[in-house]
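Architecture at a glance
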Amino acid sequence: MNTADQAIKIQGLNKWYGDFQALKDVNLEVVHGERIVICGPSGSGKSTLIRCVNSLETHNDGDIVVDGIAMKDEASINEILSEVGMVFQQFNLFPHLTILQNLTLGPIKARGMAKAAAEERAMKYLERVQIPDQAHKRPSELSGGQQQRVAIARSLCMEPKIMLFDEPTSALDPEMISEVLDVIIDLAESGMTMICVTHEMGFARKAADRMVFMDQGEIIETGTPDEFFSAPKTQRCQTFLNQILQH
Amino acid sequence: MRWKTLLAVTAAFLLTGCSASGNWGWYVIDPTTPAGYTNIKFLLSGFGATILVSVIAALLSMTIGLIVALPGMSQNRLLRWPSRIYVEFVRAIPLLPMLFWVFYGLPVVLKSIGINVSIDAFWGAIITLAISDSAFTAEIYRSGIQSIAKGQREAARTIGLSYGQTMRYVILPQAIKRILPPLANQFIYIVKMSAFASVIGMQELTRRANELVVTEYRPLEIYTLLIFEYLVLVLIISFFVRWLERKMGADESR
C-alpha cells in the first residue's frame, strides 16, 4: 500500500485508565475512501480508539498518523482536527444556538469565514441531510433523528476528509435509526473516508468495506463484511455475532 | 397565600401594639407624632447605606469570584492550587472576626508595608463582605461551568474552536443561566450580613436601630421594625430572583 493512500495509520496504540488497559497494541490502517465499521461488546475500546484518532483521548504509547500528519504536539493535533469530523452518540448540539448557528459557528469562528458564505454552506449541508426547513429552530425542538442529522451536517460544514461516528444511532428511538443511517450511507457512497462504531449490523453489511471486531481493548479480527458475517475466524467474534444477531 | 400570611402576621403585631396591653409601645415610631416621625425617618435613612454597601460588595464579590474560579478549573496544578487555597481559607473565616481584622488590623498591616490609608467603616464593610462572599461566588461559577456537559466541550473542539472560543461561544452562554440565580441568592446573603457592619459603626439599618434603642428604650418595637425592613428588602430581591429564574428557565427550554 502506498503511504499517500493512507488516511489513518495507527501503530502499537496502548492506553490505560489507571490500572485498566483500555487499548492493547492496536494497529489499524485506513485508506482514503475506505469505510470501516468497528463492532464489539461494550467496554471493548471501540469508542476509545476512535476518540484517540482526533485526540479527544490521549494515548500512552503508539503512533497515530492522520492524512500524513503525525500526532505529536498541539499544532499537529489542530491540523488533524481540521481534517477529521466527529459525530457523537449524544449529538452534542449547542442547545442555546439555532440549527443554523450550530452549523456556522465553526466555519465563522475557527475558520474565519464570512457569515453569508458560512450560512450558504450550512444550508447546502442541511439540504443534504434533508432538513433545510429546520434551520431557524433550536435543537430541543427537533426529534432525535433530526438532531443527529444536524450533528452530521455540522461536521460536514468543516469539510473534513475523514468522518468518525461514535455509535451515532445508539441514543435514538428505533423508528429514527434508519433516517440517520440513510444519511451516513449516502455519505459513504459519496466516497467519504469513515470509521463508524455501531451495533447496526444491517447497516454494516450495506456500507462497510471492512469490519473490525474488538474485544477487551484488542482488535480480534478484521475482514470484509461477507467473510465477517458468514465465516468469523475467531470464537469470540462468533459468540458476539450470535448474541447480537439472534433476535 | 404567602402574602396573606404575611399581612396577617403584620396586622397581628400592629393590633397588639395598638391595644392597651402595655407590652407594645408603637408611639416610638408612630409617624403621626413629631417624635415618632423623627425616629422613623432616622431608622429608614439606614436603607441607603445598607443597599449601597450590599450592591458594591456584591459586584466586587462576583468579579473576584470569577477571577478565582477560572484558574481553579485548570488542568495545571500551579494555577489550580492558589484558587483552591483561597476558597478553603476565606470560606473558613467567620464574617465578624474578618470584619474586625479588616477594620482594625488591615490598616496596621498596610502601614507596615508603607501604604498609609485609613479604612473607614463603609469600606471596611465592603472589603469584608466582598472577600468573604467571593469564596462562595467562586464555587458557584465553578459548579455552573462544570455542570455543562463534557460533550459540549468535545463538540466545540471537533469543529476547531480554541479554549477561549469554546468558553465564550459555547460554555459561558449556557452556564450563565445556571450561575445567575444562585448568584442572586448570594446577594440576599450579603444584604443580611451587612448588618454586621453596625459593630464597626457604619450607619446602616441595624446601627440606626441600635442607636435609637439606646435613647428610647423600646427594643421590641424598633427591632421588630428592623426585621421588617430587611424582610421588605429581601422580598424585593427574592421577587427579582424568581423573575430571573423564570426568564432563564424559559430561555433554556426554548
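The numbers attached to residues start from 1 for each chain and follow its sequence in the written order. Labels are handed out in written order, letters beginning with A for the chains and numbers beginning with 1 for the ligands. pLDDT decides what is reported in this predicted model: residues at 70 or higher carry local features, side-chain atom pairs at 80 or more are listed and counted, and totals for whole chains, interfaces and linings draw on all residues regardless. In computing side-chain values, all of the structure's heavy atoms are included and hydrogens and water are not.

**Examining the sheet that holds strand 3 (residues 35–39) of chain A**
Residue and element names in this part refer to chain A. Two strands form a pair only when DSSP identifies at least two bridges running between them. Segments assigned H or I by DSSP are reported as helices when at least four residues long, segments assigned E as strands when at least two residues long, and all are numbered from the N terminus. The six strands lie next to each other as 6-7-8-3-9-10, forming an open sheet whose pairing is mixed. Every other strand in the sheet has two partners, leaving strand 6 (84–87) and strand 10 (218–223) as the edge strands with one partner each. Direction aside, neighbouring strands of the sheet carry axes that sit 20 degrees apart on average. Where strand 6 lies against strand 7 (residues 162–166), four bridges are found, and the strand directions are parallel. Across the sheet, the residue bridging to V84 is I162, located in strand 7. Axes, fitted as lines to C-alpha atoms, cover a helix only where it is in contact. Angles between the N-to-C directions of the axes lie from 0 to 180 degrees.

**Quick notes on the interface of chain A and chain B**
Accessible area lost during the coming together of the parts is what is often quoted as the interface size. Residue contacts follow a heavy-atom distance rule, with two residues in contact if any of their heavy atoms lie within 4.5 Å. If you look at the interface, chain A gives 23 residues, while chain B gives 19 residues. Buried area adds together the accessible area that both of two parts lose upon being put together, with accessible area traced by a 1.4 Å probe. For the pair chain A and chain B, the summed buried area comes to about 1,900 Å², and 57% of that belongs to carbon and sulfur atoms. For this analysis, a salt bridge means a side-chain nitrogen from Lys or Arg found within 4 Å of a carboxyl oxygen belonging to Asp or Glu. There are one salt bridge connecting chain A and chain B. One salt bridge connects R51(A) with E154(B), and the closest N-O pair in it is separated by 2.6 Å. Under the rule applied, a polar contact is a pair of N or O atoms within 3.5 Å (in protein, one hydrogen donor and one hydrogen acceptor; residues adjacent in sequence only if both atoms are side-chain atoms). Our count for the chain A to chain B interface comes out at seven residue pairs in polar contact (both at pLDDT 80 or more). Those elements that place two or more of their residues in the side of chain A that touches chain B are helix 2 (74–81), strand 6 and helix 3 (99–110) of chain A. Take the side of chain A that touches chain B: its biggest share by element is four residues, from helix 3 of chain A. Taken together, the residues of the side of chain A that touches chain B break down into twelve nonpolar, six polar and five charged. In this classification, the charged set is Asp, Glu, Lys and Arg, the nonpolar set is Ala, Val, Leu, Ile, Met, Phe, Trp, Tyr, Cys and Pro, and all remaining amino acids, among them Gly, are polar.

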